[in-house]
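Per-entry structural report
What follows is the residue order along each chain.
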Amino acid sequence: MSSSKLFTLYLSFLTLLLVGCHSLPNDVTEKDQLPQIWPDYVGVTIPVGIAPLNFSMADDVVTTIDVEVRGSKGGLLHANGDYADFDIDEWHRLLEANKGGQLTLTVCAEKNGQWTRYRSFQMMVSTEPLDEWGITYRRIPPSYEIYSKMGLYQRCLSTFDETPLIENTQIPDQCINCHTPNRTNPDQFVYHVRGSHGATVIGRDGKTEILVASNDSLGGSMVYPYWHPDGRYCAFSTNKTSQMFHASGAKRIEVYDNSSDVFVYDTETHTILKDTLTMKLLWAENTPAFSPDGRWLYYTTAKRQFYPTDYDKECYSLCRVAFDAHTGRLGEQVDTLINTTVTGKSVTWPRPSYDGRHIMYTQTDFGYFSVWHPEADLWLLDLKNGETRPMDTVNSPQTESLHNWSTGSRWFLFTSRRDDGLYTRIYFSCLDENGKATKPFLLPQRNPKQYYRRLLYSYNTPDFASRPLDLDSRDMSRRIESEERVSTK
């Protein structure tokens, strides 16, 4: 056999390996419209280093999809199969080569034996670095009275690798809440365990302490945390939370507090620092957050109502009070940044950007537990001029909430129920130099349509992580189930 025939056979063999049992486009019909793909990645802006944005056709009848990706600064990538499954290494090389440019994707789809080529679309490759290894989050089923399976997890953003930090199957009959790092630093974190072996777990510089879950002087547990940048202090709210179920309407459930206050915890002296400014008798203080320089403590506050009849009249304003890290004391004056008597709306989950420029928060019609509010949207407060506005490019008709910033203060993540109105998923977006957010994109998965359709869990309290957390979950579960506890005073 001649060398030319051998070479032809070799190329044919390689083609079969690449496409497997799937066919390549032939006798193609051109269609001047954008392809309907899932997830919707058309026109998104992505960072260098993000995992491949694999996708499927939204139409389940499509049997094969063929995608060509060209970089505006060079490079070519091809995928063919049930869904667009890009090689991870080739994807990263293409993004690196096209930083500040764009990718042009051309999609062909086979349906009922007929191939159709759609109008090409673009993905922009940002010059803004993400500079984060990954993210952490809780994953929880949509249950109300029983815990079922849940856990805390970490996920590498450049691949699809996920590892559990701790799952409640390791500590049966316990509820695991809210893993909160200190500005993406895995060396400092806090999370709660609710149940018969309840505890607040605090990690600092390689050491982990397990605190008593509640304190009699607080009248409740340590709930929503936020770290001071120096790592010594952590602000918490203490909440007596109740649930109320609706027989009809868009809101299935309402979560409210019979009482709540805000305080600061000193991790070095195990002391709870209380102050009447943030623990007023007739007011509900909630969702604290320190400013990036540590000089201010932001929180939300609302005049308490009669429960449960007047639950929908409780609206929170955004306030701040000075904080002195040398003495561990609050200032003497409270500033109101967003007043509910002016807006007629409620503020929750304030999150200052780490460059000190913005506060991102969720606005709802009332209350603070926004994940059950379809009207909940993300808003942005400019701390330089005091202007606040809705983030229209990231909001949807469904819930947006539980957001956090990357350390560079350009990228942010948030949870949304825009896909089906039932399950919260993680989305990413970037602020440009004018403070406008880019079109958000869904957390990438290897086979996203299959993954998200089979996943009967919601993502909860996500945050960025600068590197993976090395946590011995077996040892931690043993300690949680033991009587080991550190008392607070």
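Now for a quick tour of the structure. (Residues numbered from 1 in each chain as written. Predicted model: local features only at pLDDT ≥ 70, side-chain atom pairs only at ≥ 80, totals over all residues. Heavy atoms only, no water.)

1. Concerning the pattern of salt bridges
Definition in use: Any Lys or Arg side-chain nitrogen found within 4 Å of a carboxyl oxygen on Asp or Glu counts as a salt bridge. Secondary structure elements follow DSSP: runs of H or I of four or more residues count as helices, runs of E of two or more count as strands, with numbering from the N terminus. Between buried and exposed lies partly exposed: a residue is buried under 20% and exposed over 50% of the maximum accessible area for its type, with that area taken using a 1.4 Å probe on protein chains only.
Using the criterion set out here, one finds 22 salt bridges in the structure. Put simply, E162 and R139 hold a salt bridge, and the shortest N to O gap is 2.5 Å. Within this pair, whereas E162 is found in strand β12 (residues 162-167), its partner R139 is found in strand β10 (residues 134-140), the two being separated by 23 residues in sequence. On the basis of relative accessible area, E162 is assigned to the partly exposed category, the value being 32%. Note on R139: relative accessible area 11%, which makes it buried. One salt bridge connects R357 with D382, and the closest N-O pair in it is separated by 2.8 Å.

2. Some details on the sheet that holds strand β24 (residues 296-303)
Quick note on the threshold: When DSSP finds two or more bridges between a pair of strands, those strands are recorded as paired. In this analysis an axis means a line fitted to C-alpha atoms, helices contributing only their contacting stretch, and an angle means the value between N-to-C directions, from 0 to 180 degrees.
Here four strands make up an open sheet; going across it, the order is β23-β24-β25-β26 and the pairing antiparallel. Whereas interior strands pair on both sides, the edge strands pair on one side only; in this sheet they are β23 (283-290) and β26 (329-338). On average, each strand axis in the sheet is inclined to that of its neighbour by 30 degrees, with strand direction left out of account. Judged from the six bridges that link them, strand β25 (residues 317-324) and β26 form a sheet pairing that is antiparallel. Directly across from R320, in β26, lies its bridge partner D335.

3. Notes on the side chain of D382
As a reminder of what qualifies: In this description, contact between two residues means that some pair of their heavy atoms is separated by no more than 4.5 Å.
Mapped onto the secondary structure, D382 falls in strand β29 (residues 377-382). Sequence-distant contacts of D382, defined by excluding residues within four places in its chain, comprise R357, H358 and E387.

4. Observations concerning a nonpolar patch on the surface
Spelled out, the test is: Only residues whose relative accessible area exceeds 30% and that take part in no salt bridge are eligible for patches, with like-charged residues grouped when within 9 Å of each other and nonpolar side chains (Val, Leu, Ile, Met, Phe, Trp, Tyr) grouped when within 5 Å. Areas reported as accessible are Shrake-Rupley estimates using a 1.4 Å probe. Residue values count occlusion only from the protein chains shown.
Judged by side-chain polarity, L281, L282 and W283 come together as a nonpolar surface patch covering roughly 360 Å² of accessible area. Locating W283 in the fold gives a position in strand β23.

5. So, helix α2 (residues 88-97)
Note the threshold: Regarding the arc, it is the one traced by the directions from the helix axis to the C-beta atoms. The definition of a polar contact used here is a pair of N or O atoms within 3.5 Å, where within protein one atom must be able to donate a hydrogen and the other to accept one, and adjacent residues in sequence count solely through side-chain atom pairs.
Along α2, the positions that sit buried rather than exposed are I88, W91, L94 and L95. For α2, the buried positions fall inside an angular range of 125 degrees around the axis, keeping them on one side. For α2, exposure combined with an orientation more than 90 degrees from the buried face picks out D89, R93 and E96. Buried residues along α2 sit in contact with β3 (45-46), β5 (64-71), β6 (76-81), β7 (102-111) and β9 (121-125). A distance of 3.2 Å separates the backbone nitrogen of D89 from a side-chain oxygen at the start of α2, and that oxygen is part of D87.

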